[in-house]
Amino acid sequence: MSTGIGKAAYKPVGVLMGLAAGAVAGVIFRQVWKVTAGDGEAPSATDEDRGWGEILAAAALQGAIFSVVRAAVDRGGAVGVRRLTGRWPD
C-alpha cells in the first residue's frame, strides 16, 4: 500500500474520530467541572455573574482536557492504521 492511499484512507476516519473526541472531551469536562467547582454548569465567557478567574480557569481546564483526549484518539487511530495496513499514517 502506498503512503498516499494510507493518508486517503485515514483522513475520513480521522475526521470522525476528531468529532467523537470533541464529544467525549465535553462530557469529561462537564463531569470534572462538577467535581472541582461544585457547580453543575461551567461558566461561559459572557456570563456576567462569574469572575475572570473562574471563567479563565474553566477555559484552561476545558482546553487541557480537549487536547489530551484528542491526542489520545489521534494516537490510537494511528496505531490502529498501522496494525491494519502495516504503515504509519503521515
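Everything below is about the structure shown above.
Residues numbered from 1 in each chain as written. Predicted model: local features only at pLDDT ≥ 70, side-chain atom pairs only at ≥ 80, totals over all residues. Heavy atoms only, no water.

Novice: Requested: an account of the overall build of the protein, with residues and values cited.
Specialist: The helix and strand inventory of the protein stands at two helices and zero strands. Rg of the C-alpha trace for the protein: 18 Å, well past the compact-globule value of 12 Å for 90 residues, more than 25% over. Its C-alpha atoms put the protein at 55 × 20 × 15 Å along the principal axes. Across the 90 residues in the protein, those meeting the buried criterion constitute 22%. (Helix = DSSP H or I, 4+ residues; strand = E, 2+ residues; numbered from the N terminus. Rg over C-alpha atoms; globule rule 2.2 N^0.38 Å. Buried < 20%, exposed > 50% of the residue type's maximum accessible area, 1.4 Å probe, protein only.)

Novice: Explain the environment of S67 residue by residue, including any values.
Specialist: Of note, S67 is situated in helix α2 (residues 52–85). Once the C-alpha coordinates of S67 and D90 are considered, the two residues, 23 residues apart in sequence, prove to be 20 Å apart.

Novice: So what's going on with α2? Residues and values would help.
Specialist: Here α2 contains 34 residues, and its C-alpha end-to-end distance of 49 Å stays within 8% of the 50 Å for a straight helix at 1.5 Å per residue. Of all the positions in α2, only I55, A58, I65, V69, G77, A78 and V81 are classed as buried. Note on α2: the residue one or two positions beyond its end, G86, has a positive phi of about 85°. (Expected span 1.5 Å × (residues − 1).)

Novice: Can you tell me about the nonpolar core, naming the residues and giving the values?
Specialist: Within the largest apolar cluster, seven residues are counted, these being A21, A25, F29, W33, A58, I65 and V69. Where this core is concerned, the elements lending two or more residues are α1 (3–37) and α2. Among the elements that take part in this core, α1 stands out by supplying four residues, more than any other. Apart from residues lying up to four places away in sequence, A21 is in contact with V69, R70 and V73. (Core = buried A, V, L, I, M, F, W, Y, C linked by side-chain atoms within 4.5 Å. Contact = heavy atoms within 4.5 Å.)

Novice: Now, about the pattern of salt bridges: what can you tell me, with residues and values included?
Specialist: A side chain with one charge can pair with a side chain of the opposite charge if their charged atoms come near. Applying the stated criterion across every chain yields a total of three salt bridges. Between E54 and R50 there is a salt bridge, and its shortest N-O distance comes to 2.9 Å. A salt bridge links D74 to R70, with the nearest nitrogen and oxygen atoms 3.1 Å apart. In this pair, D74 and R70 both sit in helix α2, four residues apart, roughly one turn of the helix. Accessibility expressed as a relative area gives 30% for R70, which makes it partly exposed. One connected set of salt bridges, linked through shared partners, spans D47, R50 and E54. (Salt bridge = Lys/Arg side-chain N within 4 Å of Asp/Glu carboxyl O.)

Functional significance is not addressed by these values, which are geometric in nature.
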